[in-house]
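Listed below, chain by chain, are the residues.
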Amino acid sequence: MRVINVCGTRPNFMKIAPLMAAYREFPAIEPLLVHTGQHYDANMSKLFFDELNIPRPDINLGVGSGSHAAQTAGIIKAFEPVVLEHKPDAVLVVGDVNSTLACTLVASKLHVRVAHVEAGLRSFDRTMPEEINRVLTDSIADLLFCTQQSDVTNLLREGVAKEKTFLVGNVMVDTLLRNRAKAEASQILEELALSPGEYAVLTLHRAGNVDDPARLAEILDALEVIQRDMPVIFPIHPRTRKNLATSGLVERTQDMPELRMIDPVGYLGFLKLMSSARLVLTDSGGIQTETTILRVPCLTLRETTEWPITIEAGSNRLAGTRAERILAAYREVITDRGPVPQVPPLWDGHSAERVARVLAERL
Ligand code: UD1
Ligand code: UDP
């Protein structure tokens, strides 16, 4: 039983890693790994294969960057001959990126079953490209693996048959738990001269936040205040670096000595950075879930989240994108961390095994 596994962007690698490991316990499954090449810088791609011991991709489509249409079409065109040549029994996709949707479309039209890991996540904001990718992928996938009960509810509401849904937990948490001890040994705090509990970590890359200079400037207004209290470590996504430069906003950051912009860091170093931080500010999806497990307060710089369980768990707050509101949430969180966050059901480090077992039984 041949399963083509698709990855393309940074968060996909943390999701694919435990799946590739879990297949070893299921010899009936012959996995192939395809990298679409959507992310390609060494610190957005290769680094994670090395740190997480992900096997080298069997095939790299080398598609790279482009507009949504060009990138999605490029992946579709490059992936079709791979499916025709290797004749898989299933194609497994993860997450909500353009690679996810493009490969789902190809497989589905060639009558190859599609398994989607992280199905049913919804922000209910269709201006997010990820939401379009999620809704379309889930509407044609055959096996829908969900992380939280609300994902299943969302799918049923959209008319998906219950038999296609499987609540398995969060594969990203498998990766976190497996690498936590290794991350502890990282020297990143020493390298950046940081003391545990005395700094904040920031990531920003959501198109809605960083492609619009007015929105980005508003977030910078809040950061200007926060960096006066404590260093804000900002491993900067290539999209954001580009936009800060083209909008001229990079000049404003030069007046913020404790907003420390660094290149994107590896997974182990980033895990260490997050776990020792006073708080994390982010618009990332994955980081909202990781901070829940790490029990580090997270301020999500967005109006919506596809991870309501992290809000219920008590680790995450929606802080929006207006400076006033971000600062109000920041002040709240540094005076009162709130109750110890609850670990969501099935976020126990065994989610990838559950996926592999379903694949072995169903295909
Ligand atoms: C993509 C996903 C987003 C995900 C994010 C994870 C889509 C629609 N978006 O956003 O959901 O949260 O990845 O990080 O699929 N670039 C580089 N080097 C790289 C990769 C990108 O310089 O290795 C630059 C290029 O200028 C590129 C831009 O970043 O145009 C955006 O890359 P792209 O893959 O289109 O989207 P992301 O913003 O990375
Ligand atoms: N991450 C990392 N280095 C960084 C920033 C993030 O290793 O400099 C990890 C983070 O721990 C998480 C994943 O990258 O596992 C999240 O990716 P990203 O925020 O790019 O995407 P999203 O989750 O929003 O789709």
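Residues numbered from 1 in each chain as written. Chains lettered and ligands numbered in written order. Predicted model: local features only at pLDDT ≥ 70, side-chain atom pairs only at ≥ 80, totals over all residues. Heavy atoms only, no water.

Enquirer: Whenever I open this one, the sheet that holds strand β12 (residues 298–300) confuses me. Can you help?
Expert: Sheet strands associate in pairs through backbone hydrogen bonding, adopting either a parallel or an antiparallel arrangement. In spatial order, the strands read β10-β9-β8-β11-β12-β13; together these six strands make up an open sheet with parallel pairing. Looking at which strands have only one partner, the edges of the open sheet turn out to be β10 (259–262) and β13 (316–318). Across this sheet, the average inter-strand angle for adjacent strands is 20 degrees, counted without regard to direction. With three bridges connecting them, strand β11 (residues 279–282) and β12 associate as parallel partners. Following the sheet pairing, L281 is matched in β12 by L299. (Pairing = 2+ DSSP bridges. Helix = DSSP H or I, 4+ residues; strand = E, 2+ residues; numbered from the N terminus. Axes fitted to C-alpha atoms, helices over the stretch in contact; angles between N-to-C directions.)

Enquirer: What's the story with the environment of E131 in this structure? I'm lost.
Expert: With respect to the helices and strands, E131 occurs in helix α5 (residues 129–140). Linking E131 and L121, residues ten residues apart in sequence, is a C-alpha distance of 8.4 Å. In contact with E131, not counting residues within four places along its chain, are L121, R122, S123, F124, D125 and R126. At 2.9 Å, the side chain of E131 and the backbone nitrogen of F124 are in polar contact. (Contact = heavy atoms within 4.5 Å. Polar contact = N/O pair within 3.5 Å; in protein donor to acceptor, adjacent residues only side chain to side chain.)

Enquirer: Explain the site of ligand 2 here, please?
Expert: Surveying the vicinity of ligand 2 reveals 19 residues, the closest of which are R206, V265, S284, G286 and E290. Side-chain polar atom of R206 to an oxygen atom of ligand 2: 2.7 Å apart, as the coordinates give it. At 2.6 Å, a side-chain N or O of E290 approaches an oxygen atom of ligand 2. When ligand 2 sits alone it has 540 Å² of accessible area, and the protein chains cover 96% of it. Mapped onto the shell around ligand 2, the elements with two or more residues apiece are α1 (10–22), α13 (267–275) and α14 (286–294). A per-class count over the shell around ligand 2 returns eleven nonpolar, five polar and three charged. (Near = heavy atom within 4 Å. Areas by Shrake-Rupley, 256 points an atom, 1.4 Å probe, with all protein chains shown as cover. Nonpolar A, V, L, I, M, F, W, Y, C, P; charged D, E, K, R; others polar.)

Enquirer: What is the right way to read the site of ligand 1 from this model?
Expert: By nearness alone, 19 residues border ligand 1, and H39, N98, E130, H205 and R239 come closest of all. Side-chain polar atom of H205 to an oxygen atom of ligand 1: 2.9 Å apart, as the coordinates give it. The fraction of the free accessible surface of ligand 1 (750 Å²) that becomes covered by protein chains is 89%. Of all the elements in the fold, those that place two or more residues in the shell around ligand 1 are α3 (68–86) and α11 (238–247).

Enquirer: Which parts of the structure should I look at to understand the pairing of strand β2 (residues 30–35)?
Expert: The two faces of the sheet receive side chains in turn, since in a regular strand these alternate between them. Looking at chain direction, strand β1 (residues 2–7) and β2 are connected through six bridges and run parallel. The residue of β2 that forms the bridge with V6 is V34. Since β1 and β2 lie parallel, the crossover through α1 that links them has a hand, and here it is right-handed. By the bridge criterion, two bridges tie β2 to strand β3 (residues 59–60) in an arrangement that is parallel. (Right-handed = clockwise from strand over helix to strand, strands pointing away.)

Enquirer: For this particular structure, what's the right way to read the side chain of E218?
Expert: You can see E218 is positioned in helix α10 (residues 213–229). Its relative accessible area of 18% is what places E218 among the buried residues. Setting aside anything within four residues of it in sequence, one finds E218 in contact with T321, R322 and A323. (Buried < 20%, exposed > 50% of the residue type's maximum accessible area, 1.4 Å probe, protein only.)

Enquirer: I would appreciate a short explanation of the environment of I334 in the present structure.
Expert: For I334, the location among the structural elements is in helix α16 (residues 323–335). We classify I334 as partly exposed; its relative accessible area is 28%. The spatial distance from the C-alpha of I334 to the C-alpha of R278 is 7.8 Å, given a sequence separation of 56 residues. Setting aside chain neighbours within four positions, we find I334 in contact with D229, M230, R278 and L279.

Enquirer: What should I look at first to understand α5 in this one?
Expert: Along an α-helix, residues three or four apart share an orientation, since each turn contains 3.6 residues. Compared with the 16 Å implied by 1.5 Å per residue over twelve residues, the 17 Å span of α5 between its first and last C-alpha is a close match. Taken residue by residue, α5 has E130, E131, N133, R134, V135, T137 and D138 as its buried positions. (Expected span 1.5 Å × (residues − 1).)

Enquirer: What am I meant to see in the pattern of salt bridges here?
Expert: Working definition: two side chains of opposite charge can pair if their charged atoms are close together. Inspection of every chain in the model, using the stated rule, returns 20 salt bridges. For the salt bridge of R206 with E130, the shortest nitrogen-to-oxygen distance reads 2.7 Å. Taken together, the residues span a long stretch of sequence, with R206 in the loop between β8 (200–203) and α9 (207–210) and E130 in helix α5 at a distance of 76 residues. By the burial criterion, R206 is buried, and E130 matches it. A salt bridge links R239 to D211, with the shortest nitrogen-to-oxygen separation between them at 2.9 Å. Remark: D211 occurs in the loop between α9 and α10 and R239 occurs in helix α11; sequence separation between them is 28 residues. It is possible to trace a salt-bridge network through shared partners that takes in D96, E131, R134, R302 and E306. (Salt bridge = Lys/Arg side-chain N within 4 Å of Asp/Glu carboxyl O.)

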